[in-house]
Structure formats: C-alpha cells, structure tokens
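Here are the chains, one letter per residue:
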Amino acid sequence: MTSLRALRFCGPPEPWRRRKLPGAFAAWLVVAGSAFAQGLPSEPVSIAGGRVVLGGEAAVSVAPPDPGYFNYTDYEHNTLREIRLGLTASVRASSRLAFLGEVRTENFNRVSPFALYARVRPFPARRLDIQIGRIPPTFGAFTRRAYGHDNPLIGYPLAYQYLTSLRADAVPASADELLRMRARGWQPSYSIGNPAPAPGLPLVTAFNWDTGVQVSTGWRAIDVTGAVTNGSASNPRVSDDNAGKQIAVRAAITPVTGLVVGSSFARGQFLSRRVLSIVNSGHDDRFVQRAHGVDLEYSRDHWLVRADAVLSQWRLPEFSSPPTHGTLTAFAGSVEGRYTFLPGAYAAARLEHLTFDRVAGPTLTATWDAPVSRVEVGGGYYLQRNVVARLSYQHNTRSGGRITRDGLMAAQLLYWF
Amino acid sequence: MRLLIAMSLVTVTLTAAQAPAPTGTLRGRVDVRRVVASAERRPGVADLATAGPRDLSDTRRAVVYLDTAPRGAFEEREPARLRMDQRNETFVPHTLAVTAGTTVDFPNNDGTYHNVFSLSKTKRFDLGRYARGHSKSVRFDRPGIVRVFCDIHSHMNAFVLVFGHRYFALTDTDGSYRIDNIPPGTYAVAAWHEGGVRDTRTLAIPSQGGVVEQDFVVR
C-alpha cells in the first residue's frame, strides 16, 4: 500500500493569481494588493452576536493630472486621484430600531460623517421603514451605488459628479456673467453673494448626503420612497441654510428578476440665505432646484446594463439685463455596461453626455455651461473576492473652456469588507 | 478420486479469489466546540429599507477524511451529481464533500438573482446571474477546497471539498460520521471544519477489518 495525499490544504483559500496587465503600474497594483489585503478581514466584523456590524472600504486611485477639472467633486477632490477610506457600522437595537453610520476620509484631509441616521421599522413584518438623520439619497439609483465595488469603472457619471458653473451661495447678476463662467465649474465666482471662487454644483451629488426624514414602503414589485430634507439634490446639507425644505420621491418597479426601472423627482430651495437676503427674500420658494430622473438596470448571465437620465432645473433671481433666463436647465444621460468574461475579470464601458440649455448674452447666445461628453472604458481583475485592481481610460470632450478634450488613464486598487 | 480432489481444490481456490478482502469501518463523532458565526451582511448604510430575512448557514458540520489512502482509491472515479441550493440568501448545504469528477448543481430558489462564483485555485468559475427556477452546474475535477460565493450577496458563502478518493464523510447534525470499506492499513485521519484542518489522528484498520471508533474535537 502506498500512501498518497488526498487533499492538500496549502496556501490561502483564495490564491493570488498574477497575470500580465498592461503597464508597470498594473503589475504594481497586483503585488501591492496582495500584500495589502493579507491579514485584513474579508467579511464584515460582527460584534455582540451580530448586533453591531462593521464594514469598510479603501480605494487608492491614481491618474495623471486632470487640468480640465473633468473629474473634480464638490470636495475639491479628483475622483481619479485620491485615497478614500470609509468605515460603516450598523447597530441593531431591536427588531424595530437600528442605527447606521459611515465616516469617510478623502486623501486624509479630514474625517467626515458621511451618513448617520436611525432606521425605524414600526411593524417588523411590513415593508415600511422610516429613516431619520443624515440619510441615503432618495433621488436616482447611482447616488446609493457610489461605493467603489458597485461602480464598475473608476470615474463617476457626469450627472453625479461633474461640477457645473452654478453655485448655491453666489449667483450671476446677468447672463453675460454666467456665460463667462462656462466650463469653470471647478471654481466659478459671481458678483452676487459670496464673491470668493468656490466649486460649483453637480446636477445631483453622490458625494454628500442630505439630512432629514425618509419613508420607504413597497408592495410586491414596487418600491416607493419619499423624503423631506434640508438641502437640495445638488447641494445636500446637514443644517438648513435657507429655511426651505426639499421634497424627494422615488418609485421603482421590478417587473421581472434582474430588471429595475426607477423614476425620481426632487424639488428643493437651493440658494443660500445670504443670496436670498440680497434678493430681499429670507424664504423665497421660487428659487428652487427641480430634478427629474429615470434609471434602468438590467442584468442577466454575465451582463449588467444600466441607463440613467437626469434633467435638472434651477431657478435663479434676475438682477440686470440681459437676465439669466430665469430657469437654467441641464440634462445628463448615460449608458454603462459590464461583462464578466472570465471568473474574476470583467470589462466595462460608460458613454455619457451632459448638456445645458441656451442663454442669450449681449454678444453671445450659448449654452449656459459647456456641454461635456465622456467615454470611459476599463476593466477589473479580482485579486481575491474583496480586492479588485482596475484600469480605465477616460476620454472627455467639452464644448468650451481652456481645455476642451482630455484623455486620462487611471488605475485603482479597491478593498472592502 | 484424484479428479474430485483436484476439482475441490480449484473450487476452493476460486472461492478464495472471489471472496472480498476484509475492510474496516471508521466511525465516531466530531465535537465542534468553536463557534463560527454565519457571515453577516455588510452594513446597509446606503439602503432605503431594512433588508429582508435570511437563513443562517449551518456551520456546525465537519468533514472527516483519510489524509492518506490506498493507491487504488485514487483511480476509482464514480461520476456523481450533487446539489447546493441557494435558498433565503444561503447556500444549502453550507459544506459539501465530493469526489473529483462530481458535478454540483446550483439551483436558485430565491426571488432575487444570485451569481455563484469561486476564485479558488482548485476551481475558478462564475455562473453569472440567473433567476428562481433556474440552475447551473459545475464539474469539480481537481482535489482541493473550493470557496463558493455569491457576487450579489456578499454574506453568502459555502465550501466544496473535492477529494481524490472516496474515504471521507460529512458529519450529521449530531456530529457523527461513518466511513465504510476502508482497506486494512494505517492512516492519517483529519477532521476539517470551516476552512481548515482542526484535528488529525493516526489510526489503523486491522487486517481482519472491523469497526474502529475515533472521535475528534474541533476547537
């Protein structure tokens, strides 16, 4: 009789498999990822018999400089060049009450409470939840999908990230002044309100959560959520700065497994108290942001396809001639897809366009901000279940500004538990 | 008379040749004292509502197997077909022990998609997303451990242990196990539980066969 090994238990259960990826940096990512994730938790940390659960995410993204400011966020950070750390926690007090929160830091600048709220389910057997505090966005689907592993690419959709030239704390006195700020959403400045340059507003932000009360319910394949919050879709706030509230509603239907169609609406006063005081209106319900959104997700086998459209309208006060046209409109649409072509390896692409309505100035009639198109293609390779190395190439074109086109190669290492 | 004696001898010889060789049975109990909690969902901070109820994985089961086995055991390959359900966001059973060459079906019994995959060295696969009532299968050809996950529900995980021989057993709900038809010899026997070998023993199956009792403690 000869003894032979039946089953070898050597090495980690999910081994590192190293393959050649384009570029030395990708190779570095794989090696660094291997070292990085070893010894770190691979599943959420459960304490007190599951009453307290901790999760986390760490993302390191590198890319060349983005002189056109195509990827800057309202935190003045470039989404392609940042280190983002997040820690999430849920504390289940009872079957009816839980507390959830998240703290984040970007580039170690500061640690901020991204989310902090109580979730109440008054009737545990019924689909009725009330969330109070700094709550998840009601509008759209991407805003709640902004976590790295839910986003197949490194960049973010224009509708939820790209900074327009509008601000909440400063407004242009005329259409001419507005048009001068085209393609300068990273730091526009206006004569009314806060004169200091500061970042503009995206259509809907995915980087800041609003504060208020949210109610969700559902019946069979339909889910409905409504919320009353302090800020607006483009400018969520912890504390109210204009005595106006936002009302947001979302309805989603899942007609068949794998298909989700959602529709969202939000309406909220977005100008700050400082601007409103100049308009002689401490509380003026006219100067609101209205956002309408439609989103779709379909997945099957190894495919995932998403489409998203956002129409946003901001109403501005009119000070001098020519006026700023009263209501400024922006529209963003995107289509993205992901295909898993090998276990642990996928390719993804997103096409999108952001455009604005036209405003007539003294010498120029043009869109009030410069339209932007973006194509991003990339892929990811899972070094282990919760560590993915990604590469993507993003091409931006803009009909205005100092830099009208830019191609950016980015790499990212993402870990979560 | 000589012919009769000769025929008798031939008969006895043939009978002796056809008689099965004595084999033994290994049985006992695995006392799992370590507590392995079922994986938790990630904190659903971005969710709009409380997640629905789910089942918890049965993490009490262990696998007892011969770490060394007779040479011929590795050549016995009986094609088998087993099943690992996806039910209430849980793989059932949580641990499956199979021989190499076995095909495992992964039917989806939930109202949501699941996406079964593994990045294990032994078997790397991704079954994609499929709905309730559909099933996809994987053939496990190489011995080793395969960790199985769902790409959509991160708390869903399971083990498939693929053996090169048939001398293994998954414990019952009370921890008992039984491995039959083991040829006489001295073997290293291992008790595996939730990702690793927790206890090993060396024991002998006597030449005349019989039952050998061996208990294990998993701490």
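Note that this is a predicted model, so its numbers are computed, not measured.

**Notes on the overall build of chain A**
Moving on, step 1. Within chain A, the secondary structure is distributed over four helices and 22 strands.
Moving on, step 2. The burial tally for chain A puts 47% of its 417 residues in the buried class.
Moving on, step 3. Within chain A, residue pairs in contact and separated by at least 24 positions form 60% of the contacts whose partners lie at least 6 positions apart.

**Some thoughts on the overall build of chain B**
Moving on, step 1. If you tally the helices and strands in chain B, you get one helix and 19 strands.
Moving on, step 2. Across the 219 residues in chain B, those meeting the buried criterion constitute 44%.
Moving on, step 3. Intrachain contacts of chain B at a sequence separation of at least 6 include 62% that bridge at least 24 residues.

**Section: the sheet that holds strand β11 (residues 135-140) of chain B**
Residues and elements named next belong to chain B.
Moving on, step 1. Taken in spatial order, the three strands make up an open sheet running β4-β8-β11, and their pairing is mixed. Of all the strands in the sheet, just β4 (81-83) and β11 have a single pairing partner and so form its edges. In this sheet, adjacent strand axes meet at a mean angle of 25° when their direction is disregarded.
Moving on, step 2. One ladder, built from three bridges, connects β4 with strand β8 (residues 102-107); its direction is parallel.

**Thoughts on the domain arrangement of chain B**
All names here are of chain B.
Moving on, step 1. Taken domain by domain, chain B holds domain 1 (22-35 + 58-75 + 165-219) and domain 2 (77-164).
Moving on, step 2. Spacing between the C-alpha centres of domain 1 and domain 2 amounts to 24 Å.
Moving on, step 3. Across the contact, 11 residues belong to domain 1 and eight residues belong to domain 2.

**Focus on the interface of chain B and chain A**
Moving on, step 1. Listed per partner, the contact involves 47 residues of chain B and 47 residues of chain A.
Moving on, step 2. Breaking the side of chain B that touches chain A down by element, the ones donating at least two residues are β2 (63-66), β3 (68-69), β9 (114-119), β10 (124-130), β12 (144-150), β13 (157-163) and β17 (196-205) of chain B.
Moving on, step 3. Looking at which element gives the most residues to the side of chain B that touches chain A, the answer is β10 of chain B, with five residues.
Moving on, step 4. For the side of chain B that touches chain A, a count of residues per class yields 23 nonpolar, 13 polar and 11 charged.

**Examining the environment of Arg-87 of chain B**
Residue and element names in this part refer to chain B.
Moving on, step 1. Inspection of the secondary structure puts Arg-87 in strand β5 (residues 85-87).
Moving on, step 2. Accessibility expressed as a C-beta count within 10 Å gives 15 for Arg-87, which makes it partly exposed.
Moving on, step 3. In contact with Arg-87, other than residues within four places in its own chain, are Asp-55, Val-92, Asn-109 and Asp-110.

**Quick word on the confidence of the model for chain B**
Residues and elements named next belong to chain B.
Moving on, step 1. Looking at chain B as a whole, the pLDDT averages 89, with 90% of positions reaching at least 70.
Moving on, step 2. In the predicted structure, residues 1-17 sits below a pLDDT of 50 and forms zero contacts with residues beyond four places in sequence or in another chain.
Moving on, step 3. At the level of chain-chain contacts, confidence expressed as ipTM amounts to 0.86, with global pTM at 0.88.

**Quick word on the sheet that holds β9 of chain B**
Residues and elements named next belong to chain B.
Moving on, step 1. If you walk across this open sheet you meet the five strands as β7-β13-β12-β9-β10, and the pairing is mixed. On the outer flanks of this sheet lie β7 (95-99) and β10, each paired with one strand and no other. Taken pair by pair, the neighbouring strands of this sheet meet at an average axis angle of 20°, ignoring direction.
Moving on, step 2. Judged from the five bridges that link them, β9 and β10 form a sheet pairing that is antiparallel. Among the inter-strand pairings, Leu-119 is bridged to a residue of β10, identified as Arg-124.

**Overview of the nonpolar core**
Among soluble globular proteins, nonpolar side chains are generally buried collectively.
Moving on, step 1. Formed by 61 residues in total, the largest nonpolar core has its most connected members in Ala-159 and Val-204 of chain A.
Moving on, step 2. If sequence neighbours within four positions are ignored, Ala-159 of chain A has contacts with Leu-203, Val-204, Asp-308, Val-310, Ala-332, Ser-334 and Leu-354 of chain A.
Moving on, step 3. Among the nonpolar cores identified, the runner-up in size contains 49 residues, and Leu-26, Phe-140, Ala-158 and Phe-163 of chain B belong to it.

**Considerations on unusual backbone geometry**
Moving on, step 1. Residues Val-92 of chain B and Pro-93 of chain B are joined by a peptide bond in cis, for which omega reads 0°.
Moving on, step 2. Topologically, Pro-93 of chain B is positioned in the loop between β6 (90-92) and β7.
Moving on, step 3. Located in the positive-phi region is Ala-48 of chain A, a residue other than glycine, with phi close to 60°.
Moving on, step 4. Looking at where Ala-48 of chain A falls in the secondary structure, it is placed in the loop between β2 (45-47) and β3 (52-62).
Moving on, step 5. Judged by C-beta crowding, with 9 C-beta atoms within 10 Å, Ala-48 of chain A ranks as exposed.
Moving on, step 6. The backbone of Glu-194 of chain B sits at a positive phi, close to 45°, despite the residue not being glycine.

**Observations concerning the environment of Arg-286 of chain A**
Moving on, step 1. Here Arg-286 of chain A lies in the loop between α4 (273-278) and β14 (288-300).
Moving on, step 2. Among the residues examined, Arg-286 of chain A registers 13 C-beta atoms within 10 Å and is labelled partly exposed.

**Re the pairing of strand β7 (residues 128-135) of chain A**
In regular strands, side chains alternate between the two faces of the sheet.
Residue and element names in this part refer to chain A.
Moving on, step 1. Direction of pairing for strand β6 (residues 111-120) relative to β7: antiparallel, over a ladder of five bridges. Paired with Leu-116 across the two strands is Arg-134, which belongs to β7.
Moving on, step 2. In this sheet, strand β10 (residues 210-219) lies alongside β7 in antiparallel orientation, the contact comprising eight bridges. Within β10, the position partnered with Ile-132 by the bridge is Val-213.

Basis of the calculations
Residues numbered from 1 in each chain as written. Chains lettered and ligands numbered in written order. Predicted model: local features only at pLDDT ≥ 70, side-chain atom pairs only at ≥ 80, totals over all residues. Helix = DSSP H or I, 4+ residues; strand = E, 2+ residues; numbered from the N terminus. Buried ≥ 20, exposed ≤ 12 C-beta atoms within 10 Å, placed from the backbone. Contact = placed C-beta atoms within 7 Å. Pairing = 2+ DSSP bridges. Axes fitted to C-alpha atoms, helices over the stretch in contact; angles between N-to-C directions. Domains from an automatic or database assignment. Nonpolar A, V, L, I, M, F, W, Y, C, P; charged D, E, K, R; others polar. pLDDT = per-residue confidence, 0-100. Core = buried A, V, L, I, M, F, W, Y, C linked by C-beta atoms within 7 Å.

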